[in-house]
Amino acid sequence: MDKRISVFNNIDELSQFFGELIVSQMQGLPEWVYYSIALSGGSTPKAIFQYLAQHFHDQIQWKKVQLFWSDERCVSPDSPESNFRMTKENLLDLVAIPQENIFRIRGESDPVFEAGRYAATVRQQLRAVNNIPQFDLLMLGLGEDGHTASIFPGNLHLFESKYLFEIAKHPQSGQVRVTATGKIINAARAVTFLTTGESKSDIIATLFEKKKGWDSLPASKVQPENGTLYWLLDKKSASKIATIQK
Ligand code: 6PG
């Protein structure tokens, strides 16, 4: 696994790097090949998507991009809680991506059925490596408790599941979610953690300096075997890292 850590002054510079990463990875793709991205949810991606819509409106060939999700809340697509709705409002409605290139997790469906349906959809759309569908790029956020996608501390069995997608439950709200598992996360060609803000500085320090309990956190299990792991941090979230070790 190749690991690359970049610290940026602000979210705009982080977003610029992220957009350029997508552009560079798409260069040289054969005409008939799509570039597949699994998007993360929560609030951090909102500003990043807005930036991509504004500054990469034409630079990214959206017609050659297929969009999926790393996780989704089991709510209707027009719920304020929906990762799809957040993405639609801040990106999908603003760039020329064909509807047929968008593969949302149906939060309104029965979660167990949807986890299976979505895994079949992903398997149908993506090339497989060692029989596991491979995303070109998989976006992840990081919770202050060290969760990623919708795999929360104490639920590593979900990360280690034999399935590509599992059902999870938010520990505080009880909200049910469909989440990618480690099986498909660690099969990706590139995985990007995007973290911003002071509130993430403690968990970032725990992970980067391998403080007590770091290796029981779901985020610590993200190790794309044959891919590159990018940590894209703003200065505030990286503010408590003493030394950045690879
Ligand atoms: C979700 C996300 C989740 C998120 C982290 C960070 O559906 O909420 O996938 O894993 O990335 O909770 O969220 P913030 O960006 O809001 O801090």
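Presented here is an overview of the structure given in this document. Residue numbers here run from 1 along each chain, matching the order of that chain's written sequence. For a predicted model such as this one, the threshold for reporting local features is a pLDDT of at least 70, and the threshold for listing and counting side-chain atom pairs is 80 or more; totals across whole chains, interfaces and linings nevertheless cover every residue. In computing side-chain properties, one takes all heavy atoms of the structure into account and sets aside hydrogens as well as water.

1. Quick look at the site of the ligand
Here comes step 1: When we say a residue is near a molecule or strand, we mean one of its heavy atoms is within 4 Å of it. Close contacts around the ligand come from 13 residues, with Ser43, Thr44, His147, Ala149 and Lys200 the closest.
Here comes step 2: Definition of a polar contact: a pair of N or O atoms within 3.5 Å, with one able to donate and the other able to accept a hydrogen when the atoms are protein atoms, and with sequence-neighbouring residues admitted only if both atoms are side-chain atoms. At 2.6 Å, a side-chain N or O of serine 43 approaches an oxygen atom of the ligand.
Here comes step 3: The separation between an oxygen atom of the ligand and a polar side-chain atom of histidine 147 is 2.6 Å.
Here comes step 4: A majority-of-atoms criterion places the ligand in the largest pocket.
Here comes step 5: Each residue belonging to the shell around the ligand can be placed in one class, and the counts come to 2 nonpolar, 7 polar and 4 charged. Only protein atoms enter the 1 Å grid used here, on which a cavity is any set of points holding a 1.4 Å probe that cannot leave and a pocket is any open set flanked by protein within 12 Å on both sides along at least five of seven lines; residues with an atom within 4 Å of a point are listed as lining. Just a note on the criterion: a molecule sits in a pocket or cavity if more than half of its atoms are within 2 Å of the grid points. Amino acid classes used here: Ala, Val, Leu, Ile, Met, Phe, Trp, Tyr, Cys and Pro are nonpolar; Asp, Glu, Lys and Arg are charged; the rest, including Gly, are polar.

2. Section: the layout of surface pockets
Left-over empty space is what a probe sized like a water molecule reveals as it rolls over the atoms.
Here comes step 1: Grid points are joined across faces, edges and corners, and a volume is the space filled by probe spheres set on the points. If you add up the space inside the largest pocket, you get close to 360 Å³.
Here comes step 2: Lining the largest pocket are 21 residues, with Gly41, Gly42, Ser43, Arg73 and His147 sitting closest to its centre.
Here comes step 3: Going through the elements one at a time, helix 2 (44-55) and strand 4 (71-73) are the ones with two or more residues in the lining of the largest pocket. Helical segments are the DSSP runs of H or I of at least four residues, strand segments are the runs of E of at least two, and each set is numbered from the N terminus.

3. So, the packing of helix 1 (residues 11-26) against helix 2
Here comes step 1: Interhelical geometry of helix 1 versus helix 2 gives an angle of 65° and a closest axis separation of 9 Å. Crossing of helix 1 over helix 2 shows right-handed handedness. Facing Ile11, Asp12, Leu14, Ser15, Gln16, Phe18 and Gly19 of helix 1, the residues of helix 2 in contact are Thr44, Ala47, Ile48, Tyr51 and Leu52.
Here comes step 2: The residue inventory of the contact of helix 1 with helix 2, partitioned by class, reads 7 nonpolar, 4 polar and 1 charged. Under this scheme, a helix contributes an axis fitted over its contacting stretch, all axes are lines through C-alpha atoms, and angles between N-to-C directions fall in the 0 to 180 degree range. Each crossing gets its handedness from the near helix: less than a right angle anticlockwise from the far helix is left-handed, clockwise is right-handed. In this description, contact between two residues means that some pair of their heavy atoms is separated by no more than 4.5 Å.

4. Quick word on the packing of aromatic side chains
Here comes step 1: Only the six-membered ring of Trp is used, alongside the rings of Phe and Tyr, when aromatic pairs are assigned; centres must lie within 6.5 Å, and planes under 30 degrees apart are stacked while those over 60 apart are edge-to-face, with the rest tilted. Applying the stated criterion across every chain yields a total of 8 aromatic pairs.
Here comes step 2: Between phenylalanine 8 and phenylalanine 17, the ring centres sit 5.3 Å apart and the planes meet at 50°, which makes this aromatic pair tilted.
Here comes step 3: Summary of the burial criterion: residues with accessible area below 20% of their type's maximum are buried, those above 50% are exposed, and those between are partly exposed, where the area comes from a 1.4 Å probe applied to protein chains only. Note on phenylalanine 8: relative accessible area 10%, which makes it buried.
Here comes step 4: Taking 4.1 Å as the distance between ring centres and 10° as the angle between the ring planes, the aromatic pair formed by phenylalanine 193 and tryptophan 231 counts as stacked. Taken as a pair, phenylalanine 193 in strand 10 (residues 190-195) and tryptophan 231 in strand 11 (residues 228-234) lie far apart in primary sequence, 38 residues in all.
Here comes step 5: Tryptophan 231 sits in the buried class, given a relative accessible area of 4%.
Here comes step 6: Three or more aromatic residues link up through ring pairs in this structure, and these residues are Phe68, Phe103 and Phe135.
Here comes step 7: Remark: a charge is flagged as sitting over a ring if the NZ atom of Lys or the CZ atom of Arg is within 6 Å of the ring centre and within 35 degrees of the ring normal. A cation over an aromatic ring shows up here: lysine 3 above the ring of phenylalanine 208, its NZ or CZ 5.6 Å from the ring centre.
Here comes step 8: Between lysine 210 and the ring centre of tryptophan 214, over which it is positioned, the NZ or CZ distance is 4.7 Å.

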